[in-house]
Amino acid sequence: RNLHNVDISSGINAEYGVSDYMGMLEYPPQTPLIAAVQGPRAKFPLGFSNSARYVGPRTALLGDAAHRVHPLAGQGANIGFRGIQQLVKNITNNPDRQLGDYRVLNSFESSLQRQVTPMLCFIDGMHKLYSTSFDPIVAARSYG
């Protein structure tokens with residue numbers, strides 16, 4: 001039998017009690033256009049920050065809790081994933097230690113800072129390079 005979108009969504013609605021909310025059961029999904037955003041708007045400064053410590057008693061900071069970078073290079077999530085990988089590696093390499101053991105956490109912190117600090121500095125340097133209006137820098141970056 002050849003079913004149309006209406007037949008399919010009606011069948012799903014009848015079988016599971018699912019409503020056809022905003023056309024989401026259509027193929028392709030039809031989403032409503034947002035004409036205007038109501039309410040106050042907010043902004044926050046883009047910038048750079050890096051926690052001096054990534055660990056505390058039985059605690060490890062990961063991702064944006066440990067560092068904040070300008071989205072210029074699109075590396076914020078990748079740096080966060082690197083932290084998760086490093087923490088998992090340190091925990092699995094020390095199965096005889098408790099989960100929050102300070103030696104495991106300190107090893108994690110040391111390893112992660114060696115990995116991410118150069119990337120954080122590079123991203124911050126690129127942001128500063130492209131946000132300055134100092135003529136010699138503008139000329140140098142425009143040259144190539």
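Our subject is the structure listed above.
Conventions we followed
- Residues numbered from 1 in each chain as written.
- Predicted model: local features only at pLDDT ≥ 70, side-chain atom pairs only at ≥ 80, totals over all residues.
- Heavy atoms only, no water.
- Core = buried A, V, L, I, M, F, W, Y, C linked by side-chain atoms within 4.5 Å.
- Buried < 20%, exposed > 50% of the residue type's maximum accessible area, 1.4 Å probe, protein only.
- Helix = DSSP H or I, 4+ residues; strand = E, 2+ residues; numbered from the N terminus.
- Contact = heavy atoms within 4.5 Å.
- Patch = residues over 30% accessible without salt bridge, like charges linked within 9 Å, V, L, I, M, F, W, Y side chains within 5 Å.
- Areas by Shrake-Rupley, 256 points an atom, 1.4 Å probe, with all protein chains shown as cover.
- Salt bridge = Lys/Arg side-chain N within 4 Å of Asp/Glu carboxyl O.
- Axes fitted to C-alpha atoms, helices over the stretch in contact; angles between N-to-C directions.
- Parallel < 35°, antiparallel > 145°, perpendicular 65-115°, else oblique.
- Left-handed = near helix turned anticlockwise from the far one by under 90°.
- Nonpolar A, V, L, I, M, F, W, Y, C, P; charged D, E, K, R; others polar.
- Expected span 1.5 Å × (residues − 1).
- Arc of directions from axis to C-beta.

A. Region of interest: the nonpolar core. Ranked by size, the top nonpolar core spans 12 residues in total: Y54, V55, A66, V69, I79, L87, L105, F108, L112, V116, L120 and I123. Contributing elements (two or more residues each) for this core: α2 (76-92) and α3 (102-131). The greatest single-element share of this core, amounting to 6 residues, is contributed by α3. Not counting chain neighbours up to four residues away, the residues in contact with A66 comprise N50, S51, Y54 and L61.

B. Broad picture of the environment of R82. If you trace the backbone, R82 turns up in helix α2. What makes R82 partly exposed here is its relative accessible area of 35%. Here R82 is in contact with L112, Q115 and V116, once residues within four sequence places are set aside.

C. Broad picture of a nonpolar patch on the surface. On the surface, a nonpolar cluster with roughly 370 Å² of combined accessible area is contributed by L129, Y130, F134 and I137. Along the chain, Y130 turns up in helix α3. A residue is classified by how much of its surface remains accessible, and Y130, at 48% relative accessible area, is partly exposed.

D. Up close: the pattern of salt bridges. In the structure shown here, the tally under the stated rule is 3 salt bridges. The partner of E109 in a salt bridge is R53, and the shortest N-O contact between them spans 2.8 Å. Separated by 56 residues along the polypeptide, E109 in helix α3 and R53 in the loop between β1 (49-50) and β2 (55-56) bring together distant segments of the chain. Here E109 falls in the buried class, since its relative accessible area comes to 8%.

E. Layout of the packing of α2 against α3. Between α2 and α3, the least distance of the axes is 9 Å, while the angle of their chain directions is 160°. The angle between α2 and α3 places the two elements in the roughly antiparallel class. Crossing of α2 over α3 shows right-handed handedness. Across the interface between the two elements, I79, R82, G83, Q86, L87, N90 and I91 from α2 touch V104, L105, S107, F108, S111, L112, Q115, V116, M119, L120 and I123 from α3. Tallied by class, residues from the contact of α2 with α3 come to 11 nonpolar, 6 polar and 1 charged.

F. Looking closely at unusual backbone geometry. Even without glycine at this site, R58 takes up a positive phi of about 55°. Here R58 is to be found in the loop between β2 and β3 (59-60). On the accessibility criterion, R58 (59% relative accessible area) is exposed.

G. Highlighting α2. When the terminal C-alpha atoms of α2 are compared, their 25 Å separation across 17 residues agrees well with the 24 Å that a helix rising 1.5 Å per residue should span. Taken together, the buried positions of α2 are occupied by I79, G80, G83, Q86, L87 and N90. Buried residues of α2, viewed axially, fall in a sector of 120°; they line one side. In this structure, α2 carries F81, Q85 and T92 as exposed residues pointing more than 90 degrees from its buried face. The elements touched by buried residues of α2 are β3, β4 (67-68) and α3.

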